There are 2 protein chains.
Amino acid sequence: MATPGSGFWSFGSEDGSGDPENPGTARAWCQVAQKFTGGIGNKLCALLYGDAEKPAESGGSGPPRAAARKAACACNQKPCSCPKGDVNYAFLHATDLLPACDGERPTLAFLQDVVDILLQYVVKSFDRSTKVIDFHYPNELLQEYNWELADQPQNLEEILTHCQTTLKYAIKTGHPRYFNQLSTGLDMVGLAADWLTSTANTNMFTYEIAPVFVLLEYVTLKKMREIIGWPGGSGDGIFSPGGAISNMYAMMIARFKMFPEVKEKGMAAVPRLIAFTSEHSHFSLKKGAAALGIGTDSVILIKCDERGKMIPSDLERRILEAKQNGFVPFLVSATAGTTVYGAFDPLLAIADICKKYKIWMHVDAAWGGGLLMSRKHKWKVSGVERANSVTWNPHKMMGVPLQCSALLVREEGLMQNCNQMHASYLFQQDKHYDLSYDTGDKALQCGRHVDVFKLWLMWRAKGTTGFEAHVDKCLELAEYLYNIIKNREGYEMVFDGKPQHTNVCFWYIPPSLRTLEDNEERMSRLSKVAPVIKARMMEYGTTMVSYQPLGDKVNFFRMVISNPAATHQDIDFLIEEIERLGQDL
Amino acid sequence: MATPGSGFWSFGSEDGSGDPENPGTARAWCQVAQKFTGGIGNKLCALLYGDAEKPAESGGSGPPRAAARKAACACNQKPCSCPKGDVNYAFLHATDLLPACDGERPTLAFLQDVVDILLQYVVKSFDRSTKVIDFHYPNELLQEYNWELADQPQNLEEILTHCQTTLKYAIKTGHPRYFNQLSTGLDMVGLAADWLTSTANTNMFTYEIAPVFVLLEYVTLKKMREIIGWPGGSGDGIFSPGGAISNMYAMMIARFKMFPEVKEKGMAAVPRLIAFTSEHSHFSLKKGAAALGIGTDSVILIKCDERGKMIPSDLERRILEAKQNGFVPFLVSATAGTTVYGAFDPLLAIADICKKYKIWMHVDAAWGGGLLMSRKHKWKVSGVERANSVTWNPHKMMGVPLQCSALLVREEGLMQNCNQMHASYLFQQDKHYDLSYDTGDKALQCGRHVDVFKLWLMWRAKGTTGFEAHVDKCLELAEYLYNIIKNREGYEMVFDGKPQHTNVCFWYIPPSLRTLEDNEERMSRLSKVAPVIKARMMEYGTTMVSYQPLGDKVNFFRMVISNPAATHQDIDFLIEEIERLGQDL
């Protein structure tokens, strides 16, 4: 953490005139605030208010200053000697903001103050000296603060406090040591784009009310289809609220393609349908089958090899079995990047089987799709171009803010036919523009959030090569972790061999278990290790990584890396932290 | 639009020292910029940089100024004489931002610049002298700008330009004269909350990674259930990605309640199910039925009276008919606030019928739910407390930014049983906290966007009474519109009587049609009027209102008011604009 006079503090005043010890400088006011706040509050105070001398160097007659900024102290501490100006939030309410008459000034001040709080949080998120999480048990957190809703309004000072409090208890998902989920990290351009999306506050159903976003969805989905390898990027698609819904779309469309009458007649008019996916696939396939009236019993789980990849011969066997039972295989969902092992199903072999039996091939590349951006790693997804549909979540490996999930479909028009209901109040046929841009009727949703802009803007900012660099770096970090622990005392790998994705699955064996025989008692004790270490991690707040059992394997750690902030040192830290927290178990 | 020296310009310097005509003031630098930008750019330039004298009045030794702000000119015009400072975006890329080493400074500058662009847009959104829409046909818009994605990154200057360009073509959904959808307006506290949500960038599936948001969902849904009238606010619920999905959840849960085996066995194990909803209900009921394998033929549309309300006797007749055919009525979806007429189905009579025949009663109050906040108008939703489930979209009548839709369920635990799949990588049973807060497994989604915070923060800021005032005001405006046009020459109401919601449905009859006999030719000509007026509205960009045909009624305007910025003058403007644009037809 920077202290007064150190590098950060003197940022922007290389001549040293910004020294806070010099009471004659313009920033003297900040010194008192600094004493109250400590840490990052000070940093920002310095950054935002601290180099008044600079503009004079540029020849100005003194630095102009934002009225909006003046409205609030960036350090957000009371009492504070910052020149707060004349907007007093204690006397202001939501009704004083725009569209209120004279609402412009308090609005700009208020939004700027919120942004200051957010910027503080952003900076803090990347600071390794801060906690990933300030953990409280649910009942504690419920009591720690008054979260209740009331009849009467609160003033804007209270609202700003709520923002700060909410962030105080939030998980820093952008923190370099947050590895808990497939979606980690906080991309600055993606964040900016999401702020813009909120400000534009519109809905994807028609071109009429979302012209740019509809076009960007068109451009972006086409690009994604090109990368998948469909000729000329042709086909169809949609951004949906998450991979589970994307997978459900795929099931719906596959069913409709085979039995279009299902739309009107329901499953009653259709023979018993069977879907196939691997035993390591995502649970959303079963959720989707339950929802769609197919039933979870009709989702056959195909065996995987020791690396978690679907075994094609078992797939074929089960397809034949289903057919012999008089059932109709309608969908194979292969996984490119399984949730736990990060395994890639053998897509080419599966494509051959799907072709042979005329079954819709879906690829759930929610997690693995990102590898398509990497020339070095895309071979792992080879065969995806033969799929009929693909789920690809840019909010996972590509670091786009949540949520951003695409379903891509090779055949154009099918989604529309499957889902359209021709609502005349939205999709008027006598509009004055090309109606093919009113894409809303191909969705299951009516209103649909704008999820494309953050991906599009990040893509412009990073280029395909930027995503590639990110993917390559994360995979390199996973290999680094694997190389450290594969022969290290106290570790056992859940499966052998170099990780194919960034998933590294391992047990930490505390010293007390290392000499035990490999029997049930050891397994039982081992199963309790990861949960305890994880609980301690959260209580200390130093790092977060996931664990789970799988099949006959008791609780193990699943490390995943999608966080652009993570470095080799953070991987080292994770290992040390696991050992520190688990050695007494 | 404010001009130099006028009220706005001199904001913050009541002593007049901010007069831009006085070249000796600190703000002199802004004068050149002002010449380039015109309009709102100037306003902000003034607002953000224009009162350097003020801090001196507060006794400071000169105003400190944000390095972040210095990095960019708020007017966002090049060339510009604003002191741009030393961050040159033309040489910066996404890779220079956090988590890059030394990324803090460019990050804060960049995000602040994005915010400046957004603040400009916000202010502009409420300015009646600006267009609601700068309309371009899709092919024009595709050609007007390079939207394509490329391999190579672009610099941050280009990224900022993309943000500006995107907003240039966006619909100002907060504009006081935007009436096009049920969701209009831009709430400042909601916007701030959505920015915070983006910054926190997390996922609702577990308490582990969204502790505060999970608790706020709990608190907010409970409050909504209390308002619905379920004892002690008991029950269940979830925020889902829109009303269509909420309605689909209701169908799923109703089906599961009656035939829990459907989850494993699918619709094959279930008799033919029939859902009932009115002919004026939302198309999502049919979309849901198609998706769930029930089939659209199994959604029976019940007749409505002339005001668009479901006729209970027809409902009962159709239920009996279905039963006689050996089918199983499983759901009645009543509508509280239909999409076009804004009609409220007679919930109490429908509840009696549902009770009599033991059918799940769902109320789609996506649009009408907001009236529950108003003591004056909530009688229209009377009977909702007898529903088994309720869809209520705060992003409609309550003005919460998109999207925010709740499904509330009276029976606790049903959602969980219906949807849970026990994914062991997320919902570990040996976690160290109360697992009832891991709410993700009751959702159809896996990852789930945080939609609750904007509603919660708005509720704190406005109080229930603030929502009430908003609802009452919008309904008063609708009545005002109704009173103006009901007897005005050139208007015909689509249905008689005072609007029950803010929907006012009417035809504008151009002079050339007023003397025609009421025959087919007149109908045919009348059907073309609204589309042409709407197209002209969009081309002029002055206002936006929806139109559609319904049943045997040809295209008519459906005015809806949920926009907190709208006033009586805006209603007057709409009428005048319709007449101006339509009088020659």
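Residues numbered from 1 in each chain as written. Chains lettered and ligands numbered in written order. Predicted model: local features only at pLDDT ≥ 70, side-chain atom pairs only at ≥ 80, totals over all residues. Heavy atoms only, no water.

### A word on the environment of Glu 158 of chain B
For step 1, the next point in the chain: You can see Glu 158 of chain B is positioned in helix α7 (residues 156-168).
For step 2, the next point in the chain: Spatially, the C-alpha atoms of Glu 158 of chain B and His 93 of chain B are 9.6 Å apart, while their sequence positions differ by 65 residues. (Helix = DSSP H or I, 4+ residues; strand = E, 2+ residues; numbered from the N terminus.)

### Topic: the domain arrangement of chain A
For step 1, the next point in the chain: Considered domain by domain, chain A is made up of domain 1 (89-172) and domain 2 (202-450).
For step 2, the next point in the chain: Each of domain 1 of chain A and domain 2 of chain A has a C-alpha centre, and these two points are 39 Å apart. (Domains from an automatic or database assignment.)

### Brief notes about the interface of chain A and chain B
For step 1, the next point in the chain: Tallying the contact residues gives 182 residues for chain A and 180 residues for chain B.
For step 2, the next point in the chain: Interface of chain A and chain B: buried area, both sides summed, is about 15,800 Å²; carbon and sulfur atoms make up 66% of it.
For step 3, the next point in the chain: The tally of links between chain A and chain B comes to six salt bridges.
For step 4, the next point in the chain: A salt bridge links Lys 534 of chain B to Glu 208 of chain A, with the shortest nitrogen-to-oxygen separation between them at 2.4 Å. (Contact = heavy atoms within 4.5 Å. Buried area = accessible area lost by both parts, 1.4 Å probe. Salt bridge = Lys/Arg side-chain N within 4 Å of Asp/Glu carboxyl O.)

### A word on the sheet that holds strand β6 (residues 360-364) of chain A
All names here are of chain A.
For step 1, the next point in the chain: Taken in spatial order, the seven strands line up as β2-β8-β7-β6-β5-β3-β4 in an open sheet, and their pairing is mixed. On the outer flanks of this sheet lie β2 (236-240) and β4 (299-302), each paired with one strand and no other. With direction set aside, neighbouring strand axes in the sheet form an average angle of 20°.
For step 2, the next point in the chain: Each of β5 (328-335) and β6 is contacted by helix α14 (residues 347-357), which is oriented at about 155° to β6, the strand it contacts most. (Pairing = 2+ DSSP bridges. Axes fitted to C-alpha atoms, helices over the stretch in contact; angles between N-to-C directions.)

### Some words on the UniProt feature "modified residue: N6-(pyridoxal phosphate)lysine" (unreviewed entry) in chain A
Residue and element names in this part refer to chain A.
For step 1, the next point in the chain: Annotation from UniProt places "modified residue: N6-(pyridoxal phosphate)lysine" (unreviewed entry) at Lys 396.
For step 2, the next point in the chain: Along the polypeptide, Lys 396 turns up in the loop between β7 (389-392) and β8 (405-409).
For step 3, the next point in the chain: With sequence-adjacent residues up to four places away left out, Lys 396 is seen in contact with Leu 182, Ser 183, Ala 366, Trp 367 and Ser 562. (UniProt positions renumbered as here; feature names shortened; annotations may be inferred.)

### Structural notes on the packing of helix α8 (residues 188-200) of chain B against helix α16 (residues 452-485) of chain B
All names here are of chain B.
For step 1, the next point in the chain: Where α8 contacts α16, the two axes come as close as 8 Å, and the packing angle between them is 140°. When you trace α8 past α16, the crossing you get is right-handed. Contacts between α8 and α16 involve Val 189, Gly 190, Ala 193, Asp 194, Leu 196 and Thr 197 from the former and Phe 453, Lys 454, Leu 457, Met 458 and Ala 461 from the latter.
For step 2, the next point in the chain: Taken together, the residues that form the contact of α8 with α16 break down as seven nonpolar, two polar and two charged. (Left-handed = near helix turned anticlockwise from the far one by under 90°. Nonpolar A, V, L, I, M, F, W, Y, C, P; charged D, E, K, R; others polar.)

### Thoughts on the relation of the copies chain A and chain B
For step 1, the next point in the chain: With an axial shift of 0.0 Å and an RMSD of 0.0 Å, the rotation relating chain A to chain B amounts to 180°. Such values leave the two copies arranged in the relation of a two-fold axis. By C-alpha distance to the rotation axis, the residue of chain A lying nearest is Leu 292 of chain A, at 2.0 Å. (Least-squares fit on C-alpha atoms with pLDDT ≥ 70 in both.)

### What about the state of the cysteines?
For step 1, the next point in the chain: All chains considered together, the criterion is met by zero disulfides over all chains.
For step 2, the next point in the chain: With no disulfide partner, Cys 404 of chain A has as its closest neighbouring cysteine sulfur the one in Cys 446 of chain B, 16 Å distant.
For step 3, the next point in the chain: The class of Cys 404 of chain A is buried, set by a relative accessible area of 0%.
For step 4, the next point in the chain: With no disulfide of its own, Cys 304 of chain B has Cys 505 of chain B as its nearest cysteine by sulfur position, at a separation of 13 Å. (Disulfide = S-S within 2.5 Å. Buried < 20%, exposed > 50% of the residue type's maximum accessible area, 1.4 Å probe, protein only.)

### A short note on the confidence of the model for chain A
Residues and elements named next belong to chain A.
For step 1, the next point in the chain: In the predicted model, chain A carries a mean pLDDT of 88, and the fraction of residues at 70 or more is 85%.
For step 2, the next point in the chain: This model gives residues 1-84 a pLDDT under 50, and the stretch forms 187 contacts once residues within four places in sequence are excluded.
For step 3, the next point in the chain: Predicted complex, confidence summary: ipTM 0.88, pTM 0.88. (pLDDT = per-residue confidence, 0-100.)

### Remarks on the packing of helix α13 (residues 312-324) of chain B against helix α14 (residues 347-357) of chain B
All names here are of chain B.
For step 1, the next point in the chain: Relative orientation of the contacting elements α13 and α14 amounts to 20°, with a least axis distance of 9 Å. Taken together, the axis directions place α13 and α14 in an arrangement best described as roughly parallel. Of the two possible hands of crossing, α13 and α14 adopt the one that is right-handed. Contact residues: α13 offers Pro 312, Leu 315, Glu 316, Ile 319, Leu 320 and Lys 323, while α14 offers Ala 349, Ile 350, Ile 353, Lys 356 and Tyr 357.
For step 2, the next point in the chain: Across the contact of α13 with α14, the residue classes tally to eight nonpolar, no polar and three charged. (Parallel < 35°, antiparallel > 145°, perpendicular 65-115°, else oblique.)

### Focus: the packing of aromatic side chains
For step 1, the next point in the chain: The full count for this structure, using the stated rule, is 39 aromatic pairs over all chains.
For step 2, the next point in the chain: Judged by centre distance (5.7 Å) and plane angle (40°), the ring pair of Phe 506 of chain B and Phe 557 of chain B falls under tilted. Taken together, the positions of Phe 506 of chain B in strand β10 (residues 504-508) and Phe 557 of chain B in strand β12 (residues 553-559) put the pair 51 residues apart, joining distant regions of the chain. Side by side, Phe 506 of chain B and Phe 557 of chain B carry an identical accessibility label, which is buried.
For step 3, the next point in the chain: Through successive ring pairs, a cluster of aromatic residues spans Phe 135 and Tyr 137 of chain A together with Tyr 207, Tyr 218, Tyr 433 and Tyr 437 of chain B.
For step 4, the next point in the chain: It is Arg 580 of chain B that lies over the ring of Tyr 540 of chain B; its NZ or CZ is 4.6 Å from the centre. (Phe/Tyr/Trp six-rings, centres within 6.5 Å; stacked < 30°, edge-to-face > 60°. Lys NZ or Arg CZ within 6 Å of the ring centre and 35° of its normal.)

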